[in-house]
Amino acid sequence: MGVIADFPSSHDYVVRGLDDSTRSTFDRFDAAFDAGSELPGEESDLRTFGRWAQLRLSLGLEGGHDHDERVLRLTRSVAEADILWTVEDAGFLWSAAHALMIWRHTDYAELYRIPLAATLRLNHADRRRVLGSTQDWLRRYHRPAWDFLHERLDDVLTEPAGHGPAGAVRNIIWDYDDFAVMLAEEYGSRLAAPEVLPLLRHWSTAGSSKPGDRWLATARKLLTPEAVGLVREILARVAARREKRADDQVANGYEWTATGFLYQRTTVSVRGMVWTCALIDEPWVPSLLGDVALTCGTGVGGSGANCRSEMLANAAVNVLARRGGLETVAPLARLQVKVRKKTVLNNVARTLDAVAVQAGLSREQLLDRTVPTFGLGPDGVREVRIGDHLVRLCSDGPALRFVNAAGRTVKSAPQAIRRNPVLAELKGTLKELRQALPAERFRLERALVEERMWRWHQVTELFLDHPLTGRYARHLIWQILQGPAGVPVRTDSGWELTDPRGRRIRPNPDTPVLLWHPIRESADEVRAWRDHLLEHGIRQPYKQAFREVYLLTPAEERTRVHSRRFAGHVLRYGQAKALLNQRGWTDLAIGHWDYECGGDQGEAVKELSGWRAYWGMHVAGGAEADGWGTASFCATGEIAFHRVEGAPGRYDDGHREGVPLTEVPPLVLSEVLRDADLAVGVTSVGLDERATGGHEDYWHSYGFGELTEAARTRRDALARLLPRLRIAGRVELTDRFLRVRGDLRTYKIHLGSGNILMEPNDAYLCIVPGADGAARAVFLPFEEDGGMLSVILSKAFLLADDTSITDPTITRQLVS
């Protein structure tokens, strides 16, 4: 028997990855040892010989304490030998020693002699790579081995005083990621200073989910002005951080790489800094904690249901909850817009509810009353004079605009004020303004779909007169409950509502008011509002008058408990998931894993007005092409609804059992199907310039087939826009296409996909969407979701003047 055969089979992962050459060498060492030789024949075999010697310590399945004296001499000679160990060698040695320790081998001095000696040959950074979480693992699960090893491990891992302040910092936070390296190298002298170092050590103990009173009391005692400054600077860098490729990781003798945000040990220390913010009474704290929570609570690209660091996101929210007060509401509101991780969102909701209770309001009422003004005037502009120069903070943009000493408006900050601290403060305010604007747009659209109600005096005070929210609210249609509707108009005596026929209404201050929704109106009324917006140049922050309405169809009445209106589409999974997450859908996670338990199937879930919608999806594509990981493409299934208080069930065939669609409120049904239509309209592979392999039939049917409700609404908008354009004489609308007459060919642009066919033979024309100046100048009555209307207009302007096209990738298609 040899070392591999004698090693405990339950821990064969240690030797499973050894290549044939190493196994052959081990066999040679076994034979030599059995023959009485204890040393390898060649100097180049010393490292392999050392690995083999570590495996020789195995006493078999029964374990034990007493080793053969020849084996002990062998072990000690290897430990004392001058061997140039590598990180991978040390990882293998520690893994083998741990496996034997777990398998009841109790002579820890001999088990760990070679691993300790090999690790001491490495630099301190590599020692930390090898040992990783070994200390915590031993302390938690293997106390006898921990009692023997912990002082020795401390000696191995601790850098000497000669390594300076950076070494002192690394001794605490290590250097497993580039952020920890940055802290040691850039902040080492400040973090290792006597007035901060004790607190840094305390930060590294932030291992629980929340700080206890004792932890905070100690932090309060150690907190110094120097530490406060460092907390602010370091957390600002955390908020600005994005994913990075991590250093190579080593375990069980194997090495791999990963992309991550922060390593666990770094995260714990940063969490300690976040907790310390509960003790800092400064105006910058709530906003900074909001920035940290926003960065850590979102995924790649600032969205998604996954978190960069759920631990830090929740820590920041918890500190905001502990602080309380109205100044925490704005940063929490920003999190509601972007974050989609349920645990973090629930934490945000609890915190907002607690602050609302303190103020005697509901959560939504609290948000209404705490939108910051940023010092803006009624016109959405704040003017600040710096020396001879004037700086304007404008919500339109938003942007900073500059007027120099000569009274001329200039594009960038004049040289004389670029280093002025007042300008730096305005730039910080501009950043907050940019974050607040989408939050307000999101709130107003959510109020539309949830049919929120206010008194008219609340609408005027909290929305129309607000310099930030008013930028959106003044362009929306407001409706008296079960009465007339109008767009707000300011008069000398206050706000009034004007309808499409020019009639003015002044609601009483206590009149109930809500946002107008087309699902409650007749087709004639909707058409009147759409014409009114175009005639008066009113651009709405989201589709309201032009909002798609999805009424129950005969097919859905037949299927009764589910809708297949948006089933059978092939979407780009990552893009679709991100878009749905932004619109409040959660829980979707599918890929090429655990097929037996349905890892390739899943559901996106959304709650709205007491209802929960489920949209089924499954992987569409080959596992090998996706690297056996997250799916690249998904196929859509049926949509079902259930009351939130009810427990959803399933049919035997796996389909979700929903309530009859006739019981779902029409507005809830419409808004859920609108989200599905948007996801398909933005992420379908049918939008690609060329068919994706394996999905050719779908690409053609979607790219040129029947229009969805979103595409029909797009057609309606084009019918109103086209007569106003300079290309009006060259375009006409058909049932599914915008037909464009050029000088070379006549073209048909599909109103759903934007794909193009050329007459007379319907040859496909591939054009990558670009930025056309004429199309950009066209007034659109709403801010688009997905931008397809702009894409179609851009292509129409280009093709109407096809003799001016110079791009050879297009011109050679026109003459073929």
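Read on for an overview of the structure. Just so you know, these numbers come straight off a predicted model, no measurement behind them. (Residues numbered from 1 in each chain as written. Predicted model: local features only at pLDDT ≥ 70, side-chain atom pairs only at ≥ 80, totals over all residues. Heavy atoms only, no water.)

## Some thoughts on the overall build of the protein chain
The following threshold applies: Put simply, DSSP marks the helices as runs of H or I at least four residues long and the strands as runs of E at least two long, and each gets a number from the N terminus on. Accessibility throughout is a Shrake-Rupley quantity obtained with a 1.4 Å probe, and a residue counts as covered only by protein chains that appear here. The convention is simple: Lys and Arg are positive, Asp and Glu are negative, and His and the chain ends are not counted. Here the site of a charge means NZ on Lys, CZ on Arg, CG on Asp, or CD on Glu.
Looking only at helices and strands, the protein chain features 34 helices and 25 strands. Projected onto its principal axes, the C-alpha coordinates of the protein chain cover approximately 105 × 65 × 60 Å. Per element, the accessible surface of the protein chain, about 36400 Å² overall, is 49% carbon and sulfur. Between the averaged position of the 103 positive side-chain charges in the protein chain and that of its 109 negative side-chain charges there is a distance of 6 Å.

## Thoughts on helix H33 (residues 788-800)
Keep this limit in mind: A helix is expected to span 1.5 Å for every residue after the first. In this scheme, a residue with accessible area under 20% of its type's maximum is buried, one over 50% is exposed, and one in between is partly exposed, where area comes from a 1.4 Å probe on protein chains only.
Under the 1.5 Å per step criterion, the end-to-end length of H33 is 18 Å for 13 residues, consistent within 8% with the ideal 18 Å. Buried residues dominate H33, accounting for ten of its 13 residues. Of the residues making up H33, those classed as buried are Met788, Leu789, Ile792, Leu793, Ser794, Lys795, Ala796, Phe797, Leu799 and Ala800.

## Considerations on the pairing of strand S5 (residues 381-386)
Let me state the cut-off plainly: Following DSSP output, two strands are said to pair if at least two bridges run between them.
For S5 and strand S6 (residues 389-394), the ladder comprises six bridges, and the chain directions are antiparallel. Along S6, the bridge assignment pairs Glu383 with Arg392. Turn length for the S5-S6 hairpin, with the two strands adjacent in sequence and antiparallel, is two residues, and the turn residue Gly387 shows positive phi of about 65°.

## Some remarks on the packing of helix H31 (residues 709-721) against H33
In plain terms, the rule: Structural elements are reduced to axes, namely lines fitted to C-alpha atoms, with helices fitted over the stretch in contact, and the angle between N-to-C directions of any two is expressed from 0 to 180 degrees. Any angle that falls under 35 degrees is termed roughly parallel, while one over 145 is termed roughly antiparallel, one within 65 to 115 roughly perpendicular, and all others oblique. For any pair of crossing helices, the crossing counts as left-handed if the nearer helix is rotated counterclockwise from the farther one by less than a right angle, and right-handed if it is rotated clockwise. Pairs of residues are marked as contacts when any of their non-hydrogen atoms sit within 4.5 Å. Under the convention adopted here, Pro, Cys and the residues Ala, Val, Leu, Ile, Met, Phe, Trp and Tyr are nonpolar, Asp, Glu, Lys and Arg are charged, and Gly plus all remaining residues are polar.
Relative orientation of the contacting elements H31 and H33 amounts to 45°, with a least axis distance of 11 Å. On the basis of their axis angle, the class for H31 and H33 is oblique. As H31 packs across H33, the resulting crossing turns out to be right-handed. Where H31 abuts H33, its residues Arg714, Ala717, Leu718 and Leu721 lie against Met788, Leu789, Ile792 and Leu793. Residue composition of the contact of H31 with H33, by class: seven nonpolar, no polar and one charged.

## A look at the sheet that holds strand S18 (residues 633-643)
Pairing within the open sheet is antiparallel, and its four strands lie in the order S15-S18-S17-S16. Each having just a single partner strand, strand S15 (570-572) and strand S16 (601-608) make up the two edges of the open sheet. Ignoring strand direction, the axes of neighbouring strands in this sheet form an average angle of 40°. In the packing of helix H29 (residues 666-683) onto the sheet, contacts are made with S15, S16, strand S17 (611-619) and S18, and the angle to S18 comes to roughly 175°.

## Topic: unusual backbone geometry
Residue Pro398 is reached from Gly397 by a cis peptide bond, and omega for that bond is -20°. Secondary-structure assignment places Pro398 in the loop between S6 and strand S7 (399-403). In this structure, Pro760 follows Glu759 across a cis peptide bond, with omega equal to 10°. Within the element layout of this structure, Pro760 appears in the loop between strand S24 (756-759) and strand S25 (763-765). Positioned with a positive phi, Gln482 is a non-glycine residue whose angle comes to about 55°. Among the secondary structure elements, Gln482 is positioned in the loop between strand S10 (478-480) and strand S11 (485-491). Among the residues examined, Gln482 registers a relative accessible area of 82% and is labelled exposed.

## Some remarks on the pattern of salt bridges
Stated precisely, the cut-off is as follows: By salt bridge we mean one thing: a side-chain nitrogen of Lys or Arg within 4 Å of a carboxyl oxygen of Asp or Glu.
Scanning all chains against the criterion turns up 57 salt bridges. Linking Glu110 and Arg76 is a salt bridge whose minimum nitrogen-to-oxygen distance equals 2.9 Å. Here Arg76 lies in helix H5 (residues 69-80) and Glu110 lies in helix H7 (residues 108-111), a separation of 34 residues in the sequence. Its relative accessible area of 30% is what places Arg76 among the partly exposed residues. Across the pair Arg674 and Glu445 runs a salt bridge, and its minimum N-O distance is 3.8 Å. Remark: Glu445 occurs in helix H23 (residues 421-449) and Arg674 occurs in helix H29; sequence separation between them is 229 residues. Accessibility assignment for this pair places Arg674 and Glu445 in one class, buried. A cluster of three or more residues bridged by salt bridges with shared partners is formed by Glu445, Lys543, Arg547, Glu548, Arg583, Lys606, Glu671, Arg674 and Asp675.

## Here we look at the packing of aromatic side chains
What characterises a pair of aromatic rings is the spacing of the ring centres plus the angle enclosed by the ring planes. Note the threshold: The criterion for an aromatic pair is that two Phe, Tyr or Trp rings (for Trp, the six-membered ring) have centres within 6.5 Å, with stacked assigned to planes under 30 degrees apart, edge-to-face to planes over 60 apart and tilted to the rest. A ring has a charge above it when a Lys NZ or an Arg CZ is no more than 6 Å from the ring centre and no more than 35 degrees off the ring normal.
Per the counting criterion, the structure on display carries 19 aromatic pairs. Between the aromatic rings of Phe29 and Phe49, the centroid separation amounts to 5.2 Å while the plane-to-plane angle is 90°, which identifies the pairing as edge-to-face. Of this pair, Phe29 sits in helix H3 (residues 20-34) while Phe49 sits in helix H4 (residues 46-55), and the two are 20 residues apart along the sequence. Chaining the aromatic ring pairs together yields one cluster made of Phe29, Phe33, Phe49 and Trp52. Above the plane of the ring of Trp146 lies Arg139, whose end atom (NZ or CZ) is 5.2 Å from the centre.

## Remarks on the sheet that holds strand S13 (residues 504-505)
Taking strand neighbours across the sheet as the criterion, the six strands line up as S9-S14-S10-S11-S12-S13 in an open arrangement whose pairing is antiparallel. At either end of the open sheet lies a strand with only one pairing partner, and these are strand S9 (454-455) and S13. Strand direction decides the pairing type here: strand S12 (residues 494-498) and S13, joined by two bridges, are antiparallel. Paired with Leu497 across the strands is Ile505, a residue of S13.

## Structural notes on the pairing of S17
Judged by how many residues are buried, S17 sits mostly within the fold: eight of nine residues are covered. Strand direction decides the pairing type here: S16 and S17, joined by eight bridges, are antiparallel. Among the inter-strand pairings, Leu608 is bridged to a residue of S17, identified as Trp611. Inspection of the sheet shows S17 paired to S18 by eight bridges, in the antiparallel sense.

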